[in-house]
Amino acid sequence: MTDSYVVSIDQGTTSTRCIVFDRRGNLVSVAQREHQQHFPRPGWVEHDALEIWRNVGKVVPRALAQAGVTADQIAAIGIANQRESTVVWDRRTGVPVAPAIIWQDTRTDALVETLARAPGAEDVRQRCGLPLATYFSGPKLRWLLDHSPGLYERAERGEVLFGTMESWLIWNLTGGPDGGLHLTDVTNASRTMLMDLRTLGWHPDSLAFFGIPAAMLPEIRSSSEVYGTATAVLPGVRIAAALGDQQAALFGQTCFAPGDAKCTYGTGSFLLLNTGAEPVHSRHGLLTTVGYQIGGEPAVYALEGSIAITGSLVQWFRDRLDLISTAPEIETLARTVEDNGGCYIVPAFSGLFAPHWRSEARGVIVGLTSYITKGHLARAVLEATGWQTREVVDAMNADSGLDLTALRVDGGMTANNLLMQFVADVLAVPVVRPMVAETVSLGAAYAAGLAVGYWPDLEGLRSNWHLAARWVPEMDDAVRAEERENWQRAVERTFGWIKPEARAANE
Amino acid sequence: MASIRPMPGQVQSIARAAAILRLLASSSGRLGIGEIARSLDLPKGTAHGIVRTLQDVGFVEQDKTSGKYQLGAALLHLGTSYLDVNELRSRSINWADPLAARSGEAVRIGTLLDGKVLVVHHVFRPDDTLQTLDVGSLLPPHATALGKVLLAYDVGAANSVMQGEPEPYTRRTLVTARTLTRALTEIRDNGWGAEIEEMTLGEAGIAAPIRGYGGLVVGAIGLSGPVDRVCDGHGHPRPTLVAYVRDAARAVSRDLGAARW
Ligand SMILES: Nc1ncnc2c1ncn2[C@@H]1O[C@H](COP(=O)(O)OP(=O)(O)OP(=O)(O)O)[C@@H](O)[C@H]1O
Ligand SMILES: [Mg+2]
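Within every chain, residues take consecutive numbers counted from 1 along the sequence as written. For this description, chains carry letters from A and ligands carry numbers from 1, given in the order in which they are written. Two thresholds apply to this predicted model, a pLDDT of at least 70 for residue-level local features and 80 or more for giving and counting side-chain atom pairs, whereas whole-chain, interface and lining totals are computed over all residues. In computing side-chain values, all of the structure's heavy atoms are included and hydrogens and water are not.

**Overview of the UniProt feature "domain: Carbohydrate kinase FGGY N-terminal" (unreviewed entry) in chain A**
Moving on, step 1. UniProt positions are given in the numbering used here, feature names are shortened, and annotations may be inferred rather than shown by experiment. Here, UniProt's "domain: Carbohydrate kinase FGGY N-terminal" (unreviewed entry) annotation points to residues 5-252 of chain A.
Moving on, step 2. Put simply, DSSP H or I for four residues or longer makes a helix, DSSP E for two residues or longer makes a strand, and each gets a number counted from the N terminus. Helix makes up 33% of residues 5-252 of chain A and strand makes up 25%, while its end C-alpha atoms are separated by 16 Å.

**As for the environment of Glu159 of chain A**
All names here are of chain A.
Moving on, step 1. In this structure, Glu159 sits in the loop between helix 5 (151-156) and strand 8 (160-163).
Moving on, step 2. With a relative accessible area of 31%, Glu159 lands in the partly exposed category.
Moving on, step 3. Along the sequence, Glu159 and Met216 sit 57 residues apart, while their C-alpha atoms lie 7.7 Å from each other.
Moving on, step 4. Only heavy atoms enter the contact rule, under which two residues are in contact if any of them lie within 4.5 Å. Ignoring any residue separated from it by four or fewer positions in sequence, one finds Glu159 in contact with Trp89, Asp90, Arg91 and Arg154.
Moving on, step 5. Polar contacts here mean pairs of N or O atoms no more than 3.5 Å apart (in protein, one a potential hydrogen donor and the other a potential acceptor; neighbouring residues in sequence count only if both atoms are side-chain atoms). A distance of 2.7 Å separates polar atoms of two side chains, one belonging to Glu159 and the other to Arg157. Buried, partly exposed and exposed residues are distinguished by accessible area as a fraction of the type maximum, computed with a 1.4 Å probe on protein chains only: under 20%, between the cut-offs, and over 50%, respectively.

**Quick word on the site of ligand 1**
Moving on, step 1. Any residue with a non-hydrogen atom lying within 4 Å of a molecule or strand is treated as near it. With respect to spatial proximity, 21 residues lie near ligand 1, and among them Thr13, Thr14, Arg17, Thr267 and Gly412 of chain A are the closest.
Moving on, step 2. Positioned at a junction of chains, ligand 1 has nearby residues supplied by chains A and B.
Moving on, step 3. Between ligand 1 and Thr267 of chain A there is a distance of 2.6 Å, counted from an oxygen atom to a side-chain nitrogen or oxygen.
Moving on, step 4. Interatomic distance of 3.4 Å between a side-chain N/O atom of Gln315 of chain A and an oxygen atom of ligand 1.
Moving on, step 5. Isolated, ligand 1 exposes 630 Å² of accessible area, and the fraction of that covered by the protein chains is 88%.
Moving on, step 6. Among the elements of the structure, strand 2 (15-21) and helix 10 (311-319) of chain A are those that each provide at least two residues to the shell around ligand 1.
Moving on, step 7. It is helix 10 of chain A that contributes the most residues to the shell around ligand 1, four residues altogether.
Moving on, step 8. Under the convention adopted here, Pro, Cys and the residues Ala, Val, Leu, Ile, Met, Phe, Trp and Tyr are nonpolar, Asp, Glu, Lys and Arg are charged, and Gly plus all remaining residues are polar. Broken down by class, the residue content of the shell around ligand 1 amounts to six nonpolar, 13 polar and two charged. Areas reported here follow the Shrake-Rupley algorithm with a probe of radius 1.4 Å; residue values treat only the protein chains shown as occluding.

Here you go:
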């Protein structure tokens, strides 16, 4: 028997990567390509969905060539994607009607405020498990319908289609205008505000609330089943999984049991806790979301603490302030000093997500004195990720009534040793990294491999998880308490920055 | 300015590259390809090829908006280490993990720092037993596989180790200039190196060089573990493990832009 492999496509916020995995879940090859970030106005973030689709066409063949494998050796493709980012395209031409509105985009803040006061808002919230925020797809889609003349009518006639990135890619992979499949999975659908968490279907009242025609929506499927066969990029290969990237990471970390949790450190950072077959509603600012659903089995739910800005703060430090030339150099710069020198950065660039959900907040740097060097700023950048993690862990502990005993981590920032040590220090629990840092891709591969029988069951996958690194807390309790208080005071200073009239002007 | 004619025995494109760097250094603003080509009396295509290569190695930078060129930051830091160690870790993490998973042994990546091996990255042995992260610790270069590989490609460091008094950790530690020199030559011939009970009885390691742009050795990646697992019945490093280590080193090198490795 010749070796066979599973391919994952991770369509992320900053880049698209393709990874080939072998039967033991080891990475065989990887190819990656960044796409352009467009910031046409303050608070707006856009991608060109066609550029992203072209990048898929580049990275997949490169990864296969690097691994020395051919399409007939690929058992299945799994897709993980940046979530919530919203694409609307013409079903006949395959051309997007507008740039994709990215999850960090806050152009809908005034719209969201209006919607939050509208009748039925509380029902929508209960039904979907999410607060009304600019973050989710529903408001973004409504904004597009409001701001593109004639789009609503075309949507009603089914001439234009809505999707998050996995829908866009699956539609293109399976033929695009020539019979492309228009579908999404439960995890991505759970981020739109349009899905009922219990029935896992689009809810007519939620659609009416946002004013969204059902004809433009994709069909909701499980996260792990054969959706169809690719006709482009990898012709003949089965597409067998789709999950939002954070849910994919939960799956890749083999958090299959209620109580299992992980945090993925990428552009933003996302802590997800498996809560089993029941959706749990948070009282501390966390989201209720679908973790995954395997074929016809019941869905598994999760509580989520979403942090909008972590790795992207490092990118901002690199690209906008020009203080470093690569992201990892932030660690080198931070190590030039002993501590933060009294300086704190709260990166509320898109408002604050969990557990605060303050869309009017904006970022601050506090504690500046003439003593502060760029080294202190670099520390403050990394510490912001640590403290934001602490905030969502506290919320998670409060909601679940259990104390987290160790944090499973993954993502690009876990290569930062100083940061991982700091996370362990501020959480006062060990931080552990598994053998595969690309857990998002691994999760998509696992879900696809399960669907086609490449891997037999969850138990087999769990035995692939091995500890690669472990950071243990070293910080003095008094220091931790003092620093935590400073952080909280810094956070308070971000609140209420955007004035209501400025928000109205955005509408 | 007259066109640059190489003296006999010179490599023409290097002479031209040097002239371009001098030109950029002496001009007050940035220069476009046309200006560079005209100043040096070179065909535009030739100037462009050389500038592109200089840009790839970081000696020249292109302004995004104007498309013009200036000296690159890498030139200013020629004397300091050219690959940031934290960057080396970030860029190699995807390959160190599968090496540990495939080999079943702990993996480390090291670079030379003041005559010692600095552990830049450490992946635990994948058996989920309690292990301690030793990133940031220093290892003796003459008694570790990582260290010997690094010394093999750094004459200066190798000489100073041999001039010092290398500590004999075990009976098998290489402490004389003669045995070390021979070992380093062998590593260069083979493209990898091993250490068998040279630091700790019962322990062995295998390592291979990580090369950056242009082939410069910027670090080493290796595994270590009990001698009976790392070596075969004849006391030689197991060929499969050697192949895993070399594959991982090549994969990292490729990502770092070392074309031929
Ligand atoms: N060594 C490092 N120290 C600090 N930050 C880092 C380091 N390496 C990478 N990053 C940051 O991590 C992010 C990249 O991580 P990763 O590749 O996991 O994210 P991503 O998957 O690209 O994100 P997304 O999926 O949202 O596109 C970048 O924002 C980068 O700034
Ligand atoms: Mg990602």
